[in-house]
Structures are given as C-alpha cells and as structure tokens.
Amino acid sequence: MLTLCVLLLTMISCCCGAFPGPPKQQINDRPIIGILTQETEDDNLKPFGKTYIPSSYVKYLESAGCRVTPVKLNLTLPEYEKIFNSINGMMFIGGAVNLLTSDFAKAAAVFYKLALKAYVSGDYFPLWGTCLGFQLLTALVAGDDLLTNATVENKALPLKLTADAESSRMFRNFPPELMKSLSQEPLTGNFHHYGIATQTFEGNERLESFFSILSTNKAKEGVEFVSTIEGKKYPFYGVQWHPEVSRFQWHPDQEFPHSVNAVRVSYLTADFFVNEARRSSHHFSSAKEEDAALIYNYSPLYVGNISSYMQIYFF
Ligand SMILES: *[C@@H]1O[C@H](CO)[C@@H](O)[C@H](O)[C@H]1NC(C)=O
Ligand SMILES: *[C@@H]1O[C@H](CO)[C@@H](O)[C@H](O)[C@H]1NC(C)=O
Ligand SMILES: *[C@@H]1O[C@H](CO)[C@@H](O)[C@H](O)[C@H]1NC(C)=O
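The sections below set out a description of the structure shown in this document. (Residues numbered from 1 in each chain as written. Chains lettered and ligands numbered in written order. Predicted model: local features only at pLDDT ≥ 70, side-chain atom pairs only at ≥ 80, totals over all residues. Heavy atoms only, no water.)

**Quick look at the overall build of the protein**
Phase 1 of the analysis: The secondary structure content of the protein amounts to twelve helices and 14 strands.
Phase 2 of the analysis: Taken over C-alpha atoms, the radius of gyration comes to 20 Å for the protein, in line with the 20 Å a tight globule of 315 residues would show.
Phase 3 of the analysis: With respect to the principal axes defined by its C-alpha atoms, the protein has extents near 75 × 50 × 40 Å.
Phase 4 of the analysis: The buried share among the 315 residues of the protein stands at 53%.
Phase 5 of the analysis: Considering only contacts within the protein whose residues lie at least 6 apart along the sequence, 76% involve residues at least 24 apart.
Phase 6 of the analysis: For the protein, the exposed area adds up to about 14,900 Å²; of that, 55% sits on carbon and sulfur atoms. (Helix = DSSP H or I, 4+ residues; strand = E, 2+ residues; numbered from the N terminus. Rg over C-alpha atoms; globule rule 2.2 N^0.38 Å. Buried < 20%, exposed > 50% of the residue type's maximum accessible area, 1.4 Å probe, protein only. Contact = heavy atoms within 4.5 Å. Areas by Shrake-Rupley, 256 points an atom, 1.4 Å probe, with all protein chains shown as cover.)

Structure representation (structure tokens):
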C-alpha cells in the first residue's frame, strides 16, 4: 500500500510537477556551433591571415559543452546551406566591418535567412551576436544600419535590466543574487564606439516587434543604447558587451572584468546558448565530414604581444 502510494505520488509529481516548458524534443548532447570568420581589419594582424576568429570566442562556447566549426566567407549558397544543415547554431563575433556591405555581413545574412525559414517549419536554429555581431543582428532585422555614436571604450559596466529581463529565456537560469549583481556591479566588458540608441530601437517597428530589450546602458555621449536583446519568438540573441573576455582575455591595459560574478555571467550566457543549440538535430552527413570541419584542424597563434587578444585563429 505504502509502495503504491509512493509510486503514485512519484507519477503525479513527474507528470504534473514540472513547469509547462516547450514541447518535449530530442536533446542533442553533441552540438556543434559555427562561428563566422571575419575579415582581418587590424593592420597588426593582417599579415597573419585574410580572415580570423579570436580564440576567446571558441573557448567561450567550448566551455559549455559544444564543439566549434569555423565558417568561411565568400562560399556559395549551396555550400552555406550544407553547413547550415550540419550545425546546431551560429555565432557572429565582434570586430570592425561594415554591417551591410562586408563579406562577413553578407554571409551572416545567408544564415539569418536560413534560420528564419527553418523556424517557421519547426526547425530550431539559434543565432548569437556579440558586439558587432549584435549590431549585425539588428541590421539584418531592420534591413538598415541604425548605428549611432555610443562610445563605451574599455569599460566594464553593470546592466540596466528591463522588466523583460526577468521573464527572458536568456536570464531564466541565472540565480536571483547574480541578477542583482549584474544590475549593480561592473560585470560586462564594453569595447565599442557605436551602438543602437534605445530611442532608435523602440522607434523602429521591425526591431520593436522582433526583439525584446533585456538591458540598456549609457554611453559617453550621454545616449542610452540597447545592450542585451532576445527574439520574442525566434531564438536569436545579442549582447553589445563581451561575455567571452571575462574568462579568456587578459591584456593588462583592458578593463576585462574577471571577478567571480563576471566569470559566472560569462559562463551562464555560454551555457544558455549551447543549451539552445542542443535543441537542434542538424548533423554532418558523415563522421569524416564532421572531423574535417571542426576547429581542431587549426592552431591558434599567440598575439598577446600585438593585440588585446591572447590567441587568434587565422584562415
Ligand atoms: C570575397 O570575394 C570578394 C570578391 O571577389 C573579394 O574581394 C574578397 O577579398 C573575398 N573575401 C575573402 C575573405 O576571401
Ligand atoms: C559620430 O561622430 C563623428 C565625430 O563626432 C561624426 O563624424 C560621425 O558622423 C558620427 N557618426 C554617426 C553614425 O553618428
Ligand atoms: C610576439 O610574439 C611572437 C611569438 O613569441 C614573436 O614571434 C613576435 O616576434 C612577437 N612580436 C613582437 C612585435 O614582439
């Protein structure tokens, strides 16, 4: 009798105790995330390769339990479609290229369109943009470059969290005390001259209907800019700040926040995005193809003495 009760109770708590999240799907515990390479613009770095990915972004994603594949620029649409169908999410890195005309922006637009189309047919493909990558997401959605001068150069800031942050997917698994720290302590590294003014964002119908604003910040010029966004419907996420620097960049002249809480924020954002990628079941057509595509085939170069990065992959 007692056993039956316990069994019954267990069953009840199993089927009714869990919160009604998204419908049960198959979880992919071997996700692979693409990082789009970017044209090398820094004169110090140009001699080493035409395109690059700082290793901090690679380590950031890998730290949460995924593998990374670098995605080259200037490929054909069929080549990009094949990659899209092989990987489980995509990251657009920071940097300094044009949001509309660069090879980086053109390749990103292909993945953006594929991810939009996939979602409509029930296929989950998350996108993440950091700094320039965040700005690029806004340009893709708005169909225009809406940047304004919004300088926060080499400064760590707390986030001014909006009411939407608490109910967001991105911050849902953050402990409440960490959310409090995030709004009070300088846990987010900022390295940008441009940004999207909150006023511009809210005044743009496409952006306003597509994304929720999760945080804002004030720039040197006094303008308030959008610093964290997530798609209301689509699994697209963007941060104007740099979560990866807190754990993987160490240049002494840079205000990379390395406090315990900054490191936690960095890890939890990576954990969040990799979990999003676990919802995608895309895969390479063979183990051989997968092996050949992974970043392990490349070696990063030490650049700590000529840049604020420690290591960079050049392609
Ligand atoms: C991409 O193609 C354009 C046009 O041919 C060329 O100018 C550019 O250098 C190429 N970019 C890369 C990264 O190879
Ligand atoms: C930013 O400021 C500079 C110098 O003050 C100005 O030349 C430029 O047009 C501004 N850019 C934007 C996008 O507002
Ligand atoms: C930077 O370090 C690399 C690797 O140790 C070395 O080859 C290179 O000469 C150094 N460059 C400068 C400008 O110090």
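**Overview of the pattern of salt bridges**
Phase 1 of the analysis: The final tally for this structure, using the stated rule, is six salt bridges.
Phase 2 of the analysis: Its salt-bridge partner being Arg278, residue Asp29 comes within 3.5 Å of it at the nearest N-O pair. Here Asp29 is found in the loop between α1 (2–17) and β1 (32–36), whereas its partner Arg278 is found in the loop between α11 (260–277) and α12 (287–293), with 249 residues between them in sequence.
Phase 3 of the analysis: A residue is classified by how much of its surface remains accessible, and Arg278, at 15% relative accessible area, is buried. (Salt bridge = Lys/Arg side-chain N within 4 Å of Asp/Glu carboxyl O.)

**Quick word on a nonpolar patch on the surface**
Phase 1 of the analysis: Nonpolar side chains collect at one region of the surface, where Phe48, Leu301 and Ile306 lie side by side and expose about 230 Å² of accessible area between them.
Phase 2 of the analysis: If you trace the backbone, Leu301 turns up in strand β13 (residues 301–302).
Phase 3 of the analysis: With a relative accessible area of 36%, Leu301 lands in the partly exposed category. (Patch = residues over 30% accessible without salt bridge, like charges linked within 9 Å, V, L, I, M, F, W, Y side chains within 5 Å.)

**Regarding the packing of aromatic side chains**
Phase 1 of the analysis: Taken as a whole and judged by the stated rule, the model has 19 aromatic pairs.
Phase 2 of the analysis: A centroid spacing of 5.0 Å and a plane angle of 85° characterise the contact between Phe171 and Phe174, whose relative ring orientation is edge-to-face.
Phase 3 of the analysis: Using a relative accessible area of 7% as the deciding quantity, one classes Phe174 as buried.
Phase 4 of the analysis: Each member of the aromatic cluster is reached from another via a ring pair, and the members are Tyr112, Tyr119, Tyr124, Phe201, Phe210, Phe211, Tyr234 and Phe236.
Phase 5 of the analysis: Residue placement shows Arg279 over the ring face of Tyr124; its charged tip is 3.8 Å from the ring centre. (Phe/Tyr/Trp six-rings, centres within 6.5 Å; stacked < 30°, edge-to-face > 60°. Lys NZ or Arg CZ within 6 Å of the ring centre and 35° of its normal.)

**A short note on the sheet that holds strand β14 (residues 311–314)**
Phase 1 of the analysis: Taking strand neighbours across the sheet as the criterion, the four strands line up as β2-β3-β14-β13 in an open arrangement whose pairing is antiparallel. Unpaired on one side and paired on the other, β2 (38–39) and β13 mark the two borders of the sheet.
Phase 2 of the analysis: Those strands touched by helix α2 (residues 55–62) are β3 (51–54) and β14, and its axis lies near 50° from that of β3. (Pairing = 2+ DSSP bridges. Axes fitted to C-alpha atoms, helices over the stretch in contact; angles between N-to-C directions.)

**A word on the site of ligand 3**
Phase 1 of the analysis: As a structural note, the neighbourhood of ligand 3 is formed by Tyr302, Asn305 and Ile306.
Phase 2 of the analysis: Contact between ligand 3 and Asn305: an oxygen atom at 2.3 Å from a side-chain N or O atom of the residue.
Phase 3 of the analysis: A total of 360 Å² of accessible area belongs to ligand 3 in isolation, and the protein chains cover 26% of it. (Near = heavy atom within 4 Å. Polar contact = N/O pair within 3.5 Å; in protein donor to acceptor, adjacent residues only side chain to side chain.)

**What about unusual backbone geometry?**
Phase 1 of the analysis: A positive phi angle, near 65°, is found at Asn74, a position not held by glycine.
Phase 2 of the analysis: One can find Asn74 in the loop between β4 (67–71) and α3 (77–84).
Phase 3 of the analysis: Of note, Cys131 is a non-glycine position whose phi angle comes to about 55°, a positive value.
Phase 4 of the analysis: Mapped onto the elements of the fold, Cys131 is located in the loop between β6 (127–130) and α5 (132–142).

**A closer look at α2**
Working note: α-helix, 3.6 residues per turn, so residues spaced by three or four point in the same direction.
Phase 1 of the analysis: When you tally the buried positions in α2, you get six out of eight residues, the bulk of the element.
Phase 2 of the analysis: Of the residues making up α2, those classed as buried are Ser55, Ser56, Tyr57, Val58, Tyr60 and Leu61.

**Some thoughts on the packing of helix α7 (residues 176–184) against α11**
Phase 1 of the analysis: Closest axis-to-axis distance for the α7/α11 pair is 10 Å, and the angle between their directions is 110°. Of the possible angle classes, the one that applies to α7 and α11 is roughly perpendicular. When you trace α7 past α11, the crossing you get is left-handed. Contact residues: Leu178, Ser181 and Leu182 in α7; Asn261, Arg264, Val265 and Leu268 in α11.
Phase 2 of the analysis: Looking at side-chain class alone, the contact of α7 with α11 contains four nonpolar, two polar and one charged residues. (Parallel < 35°, antiparallel > 145°, perpendicular 65-115°, else oblique. Left-handed = near helix turned anticlockwise from the far one by under 90°. Nonpolar A, V, L, I, M, F, W, Y, C, P; charged D, E, K, R; others polar.)

**Some remarks on the environment of Val245**
Phase 1 of the analysis: Positionally, Val245 belongs in helix α10 (residues 245–248).
Phase 2 of the analysis: Counting along the chain gives 185 residues from Val245 to Tyr60, while the straight-line C-alpha distance between them is 8.7 Å.
Phase 3 of the analysis: Look past the residues within four positions of Val245 in its chain and what remains in contact with it is Phe191, Phe256, Pro257 and His258.

Note that every value here comes from positions in space, so none of it alone points to a role or purpose.
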